[in-house]
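So you can see what is in the structure, the chains are spelled out below.
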Amino acid sequence: MNSPSVPFLDLVTPHRQQREELLRVFEQALDTAGFVGGSMVDAFEQEFSRFCGTRDCVGVGSGTDALRFALIAVGVKPGDVVVTVPNTFIATTEAITQAGAIPDFVDVDERTYNMDPDQLLKYLQVQCRVDGTAGRVYNRRLGKPVTAVVPVHLYGQPADMDHILELADRFGLVVVEDACQAHGAEYYSRKEKVWKKAGTMGKAAAFSFYPGKNLGACGEGGAVTTDDDDVAHRVRMLRDHGQAQKYYHDLEGYNGRLDSIQAGILQIKLRHLTAWNQQRRECARRYQELLGSAGPELCLPHEPSWAKAVYHLYVIRVQKRDALQKHLTEAGIGTGIHYPIPLHLQKAYANLGYRKGDFPVCEGAAAAILSLPMYPGLGEEQQVRIAQKVLDFGCANTTSQISASAYA
Ligand SMILES: Cc1ncc(COP(=O)(O)O)c(C=O)c1O
């Protein structure tokens, strides 16, 4: 008998389990005709800001909206340079460009795939010049001011924020966190000796509630979190055509509101987020146990002591990545690649003039990373089967066959 397949992501089972509660949200929206804005959006915003630990949260139409609005609201201006990483989803740089700025990149850390603070320092010292009179940093090649940095908490793991914040402070940059994959992830600030949630460390942060995220809507959604009242106010205006009062437009904004049905759904799901994140961490621990004895050709995710990752994705690294992916697909196991082509080498950014070899760590990772199934509800038996297939492929030490009885 063929073994049942393991999907990369299961979005059907959790919604089946919550069906009745979720349907009541639709009924409430139909009964009140409250489709956009209103009490469900207000309630979710309050609960999500409480969850994160920020003064404010503004619900918006998507994670991309959240990033774009956050960048504009913190003061990024057309022609500014905003620094981020090439190993992220294109929405990060789309938001920068759509805010009128120019994206630029620094390479990532070899083990966490997140922004490497040493590379950021090198970028600011070598590729930029400080204009003391203007109190600004200018990119030498572009001749434009560098005004913001966007660290991405990729795969659900926080970037090393102490160092990034220290550099931002030293060089006068604003920090906007891309927390779109990191709902509930935590970072231990060695400077302040306290654990902090993703989305609380920059001037503002962006979250995505795209369905597959750790906190996902049944459609599109996003949010900006911030402790700054002015930033929150500006994001509220930007999401609603630049108006604070109906038909009085202080600026030109966007149609970027969070709809009420999604807010109601997110409010229900938020109550489960901590437990779901815990299940993801448990799945990661089990993968570690099952695959930890494999040979050096298999590299498992690295979680530094200062991070509590929420494993939006579980990303392994292996030289014969494409062959392993094929092997797993043939065994009915879903996988993904996040992301196969670094942003600086995407056709969309050919005009920025980057070349292969510009960000070697990111490029090396892009050729070898593979995301294994990871979601709350992924069963032990399924993980044993996935791990066995990975080890069968040739990622095993001679002694590392899994004893199925250990997980029976
Ligand atoms: C790192 C990152 N940034 C931004 C976004 C954009 O979010 P959305 O798809 O909700 O616009 C995503 C979503 O996939 C993401 O993963």
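Everything here concerns the structure above.
For the structure given in this document, a descriptive report is provided here. The structure presented is a predicted model; accordingly, all values stated were derived computationally and were not measured.

Digging into a nonpolar patch on the surface
A surface patch of nonpolar side chains, about 300 Å² in accessible area, is lined by Leu30, Phe35 and Val36. With respect to the helices, strands and loops of the structure, Leu30 is situated in helix α2 (residues 19–32).

Some points on the sheet that holds strand β14 (residues 298–299)
Taking strand neighbours across the sheet as the criterion, the 3 strands line up as β14-β16-β17 in an open arrangement whose pairing is antiparallel. For this open sheet the edge positions go to β14 and β17 (369–372), each flanked by a neighbour on one side alone. Here helix α10 (residues 321–330) sits on the sheet in contact with β16 (314–318) and β17, set at roughly 25 degrees to β17.

What about the pairing of strand β8 (residues 186–189)?
Of the two faces of β8, the one holding Tyr187 and Ser189 is buried and the one holding Glu186 and Tyr188 is not buried anywhere. Pairing of β8 with strand β9 (residues 194–197) involves 4 bridges; the strand directions are antiparallel. Looking across to β9, one finds that Glu186 is bridged to Lys197. Connecting the antiparallel pair β8 and β9 is a turn made up of 4 residues, with Lys193 showing a positive phi of about 55 degrees. Sheet topology note: the β8/strand β15 (residues 307–308) ladder contains 2 bridges and is antiparallel. Paired with Glu186 across the strands is Lys308, a residue of β15.

Remarks on the site of the ligand
In the neighbourhood of the ligand, 15 residues make up the surrounding shell, with Gly63, Thr64, Asp178, Ser208 and Lys213 lying closest. Residue Ser208 places a side-chain N or O atom 2.6 Å away from an oxygen atom belonging to the ligand. In the complex, the protein chains occlude 93% of the 390 Å² of accessible area that the ligand would expose alone. Residues belonging to the shell around the ligand are distributed by class as follows: 5 nonpolar, 8 polar and 2 charged.

Things to note about the side chain of Thr92
Looking at where Thr92 falls in the secondary structure, it is placed in helix α5 (residues 91–98). Since its relative accessible area comes to 2%, Thr92 is described here as buried. If we ignore the near neighbours within four places in the chain, the residues touching Thr92 are Leu67, Thr84, Val150, Val152 and Asp178.

How each quantity is defined
Residues numbered from 1 in each chain as written. Predicted model: local features only at pLDDT ≥ 70, side-chain atom pairs only at ≥ 80, totals over all residues. Heavy atoms only, no water. Patch = residues over 30% accessible without salt bridge, like charges linked within 9 Å, V, L, I, M, F, W, Y side chains within 5 Å. Areas by Shrake-Rupley, 256 points an atom, 1.4 Å probe, with all protein chains shown as cover. Salt bridge = Lys/Arg side-chain N within 4 Å of Asp/Glu carboxyl O. Helix = DSSP H or I, 4+ residues; strand = E, 2+ residues; numbered from the N terminus. Pairing = 2+ DSSP bridges. Contact = heavy atoms within 4.5 Å. Axes fitted to C-alpha atoms, helices over the stretch in contact; angles between N-to-C directions. Buried < 20%, exposed > 50% of the residue type's maximum accessible area, 1.4 Å probe, protein only. Near = heavy atom within 4 Å. Polar contact = N/O pair within 3.5 Å; in protein donor to acceptor, adjacent residues only side chain to side chain. Nonpolar A, V, L, I, M, F, W, Y, C, P; charged D, E, K, R; others polar.

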